[in-house]
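One-letter residues, chain by chain:
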Amino acid sequence: MVDDLWAGVDRLFGERLLGPDDALEQTLVASLEAGLPGIAVSPVQGKLLNLLARMVGARRILEVGTLGGYSALWLARALPPQGRLVTLELDPHHAEVARANLERAGVADRVEVVVGPAIESLRGLPGDQPFDVVFIDADKPGNPAYFAAALRLTRPGSVLVVDNVVRQGRIVTHPDDPAVMGVLELLDLVAAEPRVDATALQTVGTKGHDGLLVALVTA
Ligand code: SAH
Ligand code: DHB
Ligand code: MG
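Presented here is a report on the structure given in the accompanying data block. (Residues numbered from 1 in each chain as written. Chains lettered and ligands numbered in written order. Predicted model: local features only at pLDDT ≥ 70, side-chain atom pairs only at ≥ 80, totals over all residues. Heavy atoms only, no water.)

## As for the packing of helix H7 (residues 143–151) against helix H9 (residues 178–192)
Stage number 1. Closest axis-to-axis distance for the H7/H9 pair is 8 Å, and the angle between their directions is 35°. The segment H7 lies against H9, with Asn143, Pro144, Phe147 and Ala148 engaging Gly182, Val183, Glu185, Leu186, Leu189 and Val190.
Stage number 2. For the contact of H7 with H9, the residue count by class is 7 nonpolar, 2 polar and 1 charged. (Axes fitted to C-alpha atoms, helices over the stretch in contact; angles between N-to-C directions. Helix = DSSP H or I, 4+ residues; strand = E, 2+ residues; numbered from the N terminus. Contact = heavy atoms within 4.5 Å. Nonpolar A, V, L, I, M, F, W, Y, C, P; charged D, E, K, R; others polar.)

See the structure below:
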């Protein structure tokens, strides 16, 4: 199967470029044991988020959709000691599992897990402390609202990344799926927004065929 080949290549890159990492692996194990769905970013995707944040010298990072804290751990590790990751999660059980994982990984001092509907949490964040990197990875119909609300919390030079914009090609084959509609609306919003310049990349690997939107705030 082609998916097995994609996963095999991901594993090879993981072995050669990432190596073993107890805290990240324990985060995935503990999340699955706690009953959370296995939908965290893949290791190579997590490393990409980590590198992007370091490339822009991020000191403040915002995440929408924490789950068990796997992508949060990759992002938190990109921060300097005084840096801050704010990660938003609807489900109190997911947030509790994430807090325990981030504590065990030694980054809890840099991370705040905020429980509640992300759109309300976003509205409660102060606009005078912009985020350098934003990772949007919660419910997909919420994408346009999260992107618009997060954009108000950025500055020129900030980077926004949105996960799952391809969904096995459903963006083309299932335009009426509410999750897909969230992505299509996001594309319209980005295209109409003069303050951002963006692209999207299809990805294959352990998470099948999917993709990431990457946007730069230009003004
Ligand atoms: N970023 C994580 C995966 C997130 S999965 C990782 O890669 O490790 C999506 C998460 O978004 C789930 O934990 C889900 O509970 C959360 N979520 C769903 N709807 C939400 C909402 N309205 N507000 C905040 N979080 C939400
Ligand atoms: C799903 C959500 C995700 O964020 C993801 O990366 C993969 C799958 C889902 O809801 O099915
Ligand atoms: Mg995702």
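## Here we look at the site of ligand 2
Stage number 1. The environment of ligand 2 is formed by Ile39, Asp137, Lys140, Asp163, Asn164, Arg167 and Lys207.
Stage number 2. One nitrogen or oxygen atom from the side chain of lysine 140 is found 3.1 Å from an oxygen atom belonging to ligand 2.
Stage number 3. Note that an oxygen atom of ligand 2 is positioned 2.4 Å from one of the side-chain N or O atoms of lysine 207.
Stage number 4. The fraction of the free accessible surface of ligand 2 (290 Å²) that becomes covered by protein chains is 68%.
Stage number 5. Here the residues of the shell around ligand 2 sort into 1 nonpolar, 1 polar and 5 charged. (Near = heavy atom within 4 Å. Polar contact = N/O pair within 3.5 Å; in protein donor to acceptor, adjacent residues only side chain to side chain. Areas by Shrake-Rupley, 256 points an atom, 1.4 Å probe, with all protein chains shown as cover.)

## Quick notes on helix H3 (residues 43–55)
Stage number 1. An ideal rise of 1.5 Å per residue puts 18 Å on 13 residues; H3 measures up with 18 Å between its terminal C-alpha atoms.
Stage number 2. Tucked into the core, H3 has its buried residues touching strand E1 (60–64), helix H4 (70–76), strand E4 (133–136), strand E5 (159–163) and strand E6 (196–205).
Stage number 3. One or two positions beyond H3, positive phi appears at glycine 57, with a value near 60°. (Expected span 1.5 Å × (residues − 1).)

## Thoughts on a nonpolar patch on the surface
Stage number 1. Taken together, Leu5, Val9, Leu12, Phe13 and Leu17 make up a surface patch of nonpolar side chains, about 470 Å² in accessible area.
Stage number 2. Following the sequence through the fold, leucine 17 ends up in helix H1 (residues 2–18). (Patch = residues over 30% accessible without salt bridge, like charges linked within 9 Å, V, L, I, M, F, W, Y side chains within 5 Å. Salt bridge = Lys/Arg side-chain N within 4 Å of Asp/Glu carboxyl O.)

## Observations regarding the sheet that holds strand E2 (residues 84–89)
Stage number 1. Pairing in this open sheet of 7 strands is mixed, and the strands run E3-E2-E1-E4-E5-E7-E6 from one edge to the other. Both edges of this open sheet fall to strand E3 (111–115) and E6, since each of them pairs with a single strand only. In this sheet, adjacent strand axes meet at a mean angle of 15° when their direction is disregarded.
Stage number 2. Pairing geometry for E5 and strand E7 (residues 208–217), over 5 bridges, is antiparallel. Paired with valine 161 across the bridge in E7 is valine 214. (Pairing = 2+ DSSP bridges.)

## Observations regarding the pattern of salt bridges
Stage number 1. What the rule picks out here adds up to 5 salt bridges.
Stage number 2. Put simply, arginine 77 and aspartate 21 hold a salt bridge, and the shortest N to O gap is 2.6 Å. Linking arginine 77 in the loop between H4 and E2 with aspartate 21 in the loop between H1 and helix H2 (22–33), this pair joins segments that are 56 residues apart in sequence.
Stage number 3. Here aspartate 177 makes a salt bridge to arginine 170, at a shortest N to O gap of 2.8 Å.

## Side note on unusual backbone geometry
Stage number 1. If you check the backbone angles, leucine 67 has positive phi at about 50° while not being a glycine.
Stage number 2. When you line up the elements, leucine 67 lands in the loop between E1 and H4.
Stage number 3. Positive phi is not limited to glycine here, since glutamine 168 has a value of about 55°.
Stage number 4. Tracing the chain through its elements places glutamine 168 in the loop between E5 and helix H8 (170–173).

## Re the site of ligand 1
Stage number 1. Near ligand 1 there are 21 residues, and of these Gly65, Ser71, Glu89, His94 and Asp137 occur at the shortest range.
Stage number 2. Leucine 67 has a polar backbone atom sitting 3.3 Å from an oxygen atom of ligand 1.
Stage number 3. Residue glutamate 89 places a side-chain N or O atom 2.6 Å away from an oxygen atom belonging to ligand 1.
Stage number 4. Compared with its free state, where it exposes 590 Å², ligand 1 has 88% of that area covered by protein.
Stage number 5. When its residues are assigned to classes, the shell around ligand 1 shows 11 nonpolar, 5 polar and 5 charged.

## Considering the pairing of E4
Stage number 1. Of the two faces of E4, the one carrying Val133 and Phe135 and the one carrying Val134 and Ile136 are both buried.
Stage number 2. Relative to E4, E1 runs parallel, the two being bridged by 4 bridges. By the bridge assignment, leucine 62 is partnered in E4 with valine 134.
Stage number 3. Judged from the 4 bridges that link them, E4 and E5 form a sheet pairing that is parallel. Its bridge partner lying in E5, valine 134 is registered against leucine 160.
Stage number 4. Traced from E4 through H7 to E5, the parallel crossover comes out right-handed. (Buried < 20%, exposed > 50% of the residue type's maximum accessible area, 1.4 Å probe, protein only. Right-handed = clockwise from strand over helix to strand, strands pointing away.)

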